[in-house]
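Here is what each chain is made of, one letter per residue.
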Amino acid sequence: MNRQGELLLTGVTGFLGIEVLARCLERDSRNVIALVRAPDDQSAQQRINDTLADALGDAAAEHEGRVQAVAADVSRPGLGLSGEKVRELAERTRTVVHCAASVSFAQPLACARQVNVGGTSEMLSFAEAAMQHGGLERYVHVSTAFVSGTHPGRFYEKDLYLGQGFRNTYEQSKCEAELLLRATQRLPVTVLRPSIVVGDRHTGWTAAFNVIYWPLRAFAKGLLKAVPAVPTSPLDVVPVDYVADAIHALAQHPAAAGHTYHLTAGAATTSLGEIAAIASDYFDQPTPQLIPPADFDLGAVDPARQRVFAEAAAYFPYFSVQTRFDNRQTRALLDPLGIHATPLSDYLDRLLDFATHSLWGKRPITRAQARGSLVYG
């Protein structure tokens, strides 16, 4: 097996990481090194083999031997690896795509920083070693558009910390991670900022039922009659297939090094009011009342629904966002490649078909099954 010029990925067993890994195998000839949290390399390889089977089905056999799993922990010094192992991997790696992150909105700041900031620091140290020993060609960091926090108005791809507040520790720790990257001068860094990532717009498949899915599920059950939200607020949502296509393309685009890109819906953003209307029609429920958060009285909510609102509290702040993500730099590179985001209104029904058929994740459907002959309804 040719071990030169390999691609090193983190977060490959996560929702987005699965899609990125699939594209790297299907569209590249390079071998892949996958850093996986596991007690040993054998266990790590088994996780990767299971992931590939779920993602590619029978086609996984076509890529046998191309992915080497390495048991590692990005939040530990030296990635939890020996110095010798780090050097060996560094000598082989030409491209790094760092997708691993802690995405919980509710964790303490120290915990969020351990993975999102500390993990970035450790990966940058590895990238420096790869630059020194093997000649790193690109370091790709997957961040989030919501490093913008509560910044009102237009947020540009060159912007980072502008004095904004943050809705949760996830946003804050991801912003702090980008500040580390901004201080890095020697490395060919590309920062990619997706907005809210939902399922595949063609199949509806998702492995992560959070953010917009949780309130939609509660609404389907008739539990949300009123929501703290601004009807005209943009809900910037992008399908995972668009984000993975963009990551794969920009990771090797010669003009992308040294720049930041918003993988956002941009002009294709759908408003909360539009989404509420589509969901109302889909579930045959009365359209929920969208009440500005400042006017929403949680105390007036039916006690039987108090728990629902408490569990959805982490997501409601995204229903009154006043930030618009400028993505002109991204469009300039991706439009000629035919990689576009489309309005959520165009494929929300397909997402809901998958969600309801899979019982909102309780009836597992693999990516390969969703891409096969499975019909929802």
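To keep things clear, this report deals only with the structure shown in the data block. (Residues numbered from 1 in each chain as written. Predicted model: local features only at pLDDT ≥ 70, side-chain atom pairs only at ≥ 80, totals over all residues. Heavy atoms only, no water.)

1. Let's talk about the pattern of salt bridges
Next up, step 1: By the definition in use, this model includes 20 salt bridges.
Next up, step 2: With a closest N to O distance of 3.1 Å, E19 and R367 form a salt bridge. A residue pair is termed long-range when its members are at least 10 positions apart, and E19 in helix α1 (residues 15-27) and R367 in helix α13 (residues 367-371) qualify at 348 residues. Per residue, the accessibility class of E19 equals that of R367, and both read buried.
Next up, step 3: For E311, the salt bridge goes to R307, with nearest N and O atoms at 2.7 Å. Note that E311 and R307 are positioned in helix α10 (residues 306-312) at a spacing of four residues, about one turn of the helix.
Next up, step 4: Overall, E311 belongs to the partly exposed group, its relative accessible area being 39%.
Next up, step 5: Taken together, the shared-partner salt bridges in this structure form one network comprising E19, R23, R27, D245 and R367. (Salt bridge = Lys/Arg side-chain N within 4 Å of Asp/Glu carboxyl O. Helix = DSSP H or I, 4+ residues; strand = E, 2+ residues; numbered from the N terminus. Buried < 20%, exposed > 50% of the residue type's maximum accessible area, 1.4 Å probe, protein only.)

2. Some points on the environment of S143
Next up, step 1: Within the element layout of this structure, S143 appears in the loop between β5 (138-142) and β6 (153-155).
Next up, step 2: According to the relative accessible area criterion, S143 is buried, its value standing at 4%.
Next up, step 3: The sequence separation of S143 and A101 amounts to 42 residues, and the corresponding C-alpha distance is 8.7 Å.
Next up, step 4: If near-sequence neighbours (up to four positions away) are discounted, S143 is found in contact with K174, E178, V191, L192, R193 and P194.
Next up, step 5: Among the polar contacts made by the side chain of S143, one reaches the side chain of E178 at a distance of 2.7 Å. (Contact = heavy atoms within 4.5 Å. Polar contact = N/O pair within 3.5 Å; in protein donor to acceptor, adjacent residues only side chain to side chain.)

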